[in-house]
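# Descriptive analysis of the structure
Residues per chain are reported as follows:
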Amino acid sequence: MAVWLGDVSYGIYLLHGIMIWSILSKMNPSSLADFTILEYWFLMSIASLCTLVLASLSYAKLEQPLMARVSRK
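The sections below set out a description of the structure shown in this document.

Here is what the cut-offs are and how they apply
Counting restarts for each chain, with residues numbered from 1 along the sequence as it is written. Local features in this predicted model are restricted to residues whose pLDDT is 70 or higher, and side-chain atom pairs enter the listing and the counts only when it is 80 or higher, whereas totals over whole chains, interfaces and linings include all residues. For the side-chain quantities, the full set of heavy atoms in the structure was used; hydrogens and water were omitted. The helix and strand labels rest on DSSP assignments: H or I over at least four residues marks a helix, E over at least two residues marks a strand, and numbering proceeds from the N terminus. For a helix, the expected span equals 1.5 Å multiplied by the residue count minus one. To get the bend at any residue, fit one axis to the seven residues that end at it and another to the seven that begin at it, then take the angle between the two axes. Two joining distances apply to patches: 9 Å for like charges and 5 Å for nonpolar side chains (Val, Leu, Ile, Met, Phe, Trp, Tyr), and every residue must have over 30% relative accessible area and no salt bridge. With residues, only the protein chains shown are counted as cover, and all accessible areas are computed by Shrake-Rupley using a 1.4 Å probe. Criterion for a salt bridge: a side-chain nitrogen of Lys or Arg within 4 Å of a carboxyl oxygen of Asp or Glu. Three labels apply to residues, based on accessible area from a 1.4 Å probe with only protein chains included: buried if under 20% of the type maximum, exposed if over 50%, partly exposed otherwise in between. Side-chain atoms within 4.5 Å are what join buried Ala, Val, Leu, Ile, Met, Phe, Trp, Tyr and Cys residues into a set we call a nonpolar core. Residue contacts are counted whenever heavy atoms from the two residues lie within 4.5 Å of one another.

Looking now at helix α3 (residues 37-72). Between the first and last C-alpha of α3 there are 50 Å, a value that for 36 residues agrees with the 52 Å anticipated at 1.5 Å per step. Where α3 bends most, at Tyr-59, the angle is about 40 degrees.

Put into structure tokens, the structure is as follows:
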């Protein structure tokens, strides 16, 4: 688990801001003020899960094949 998290950490770094911004930008600003703390943390948990999935996919489909290609030369 720790090795996997280390492998995808750069993708998480790149994607987390985009993910949070994209979720919050689609919402009405006045509705954000009405969120309870539980609703806010639920929303951020969903954003975190989506970020982990996207970072894992980008690592498996982009980073790993490109790193293998470069290391063979």
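Turning our eyes to something else, we now look at a nonpolar patch on the surface. A cluster of nonpolar side chains, Ile-37, Leu-38, Tyr-40 and Trp-41, forms an exposed patch at the surface whose accessible area comes to about 500 Å². Counting through the fold element by element, Leu-38 comes out in helix α3. When its relative accessible area of 67% is taken as the criterion, Leu-38 is described as exposed.

On to the environment of Leu-14, then. Checked against the element boundaries, Leu-14 lands in helix α1 (residues 2-25). Note on Leu-14: relative accessible area 43%, which makes it partly exposed. With 37 residues separating them along the chain, Leu-14 and Thr-51 place their C-alpha atoms 9.5 Å apart.

Turning to the nonpolar core, a few remarks are in order. If you look at the biggest cluster of nonpolar residues, it comprises 5 residues: Met-19, Ile-23, Leu-43, Met-44 and Ala-47. Those elements that provide at least two residues to this core are α1 and α3. It is α3 that provides the largest number of residues to this core, a total of 3 residues. Leave out the neighbours within four places in its chain, and Ile-23 touches Leu-43 and Ala-47.

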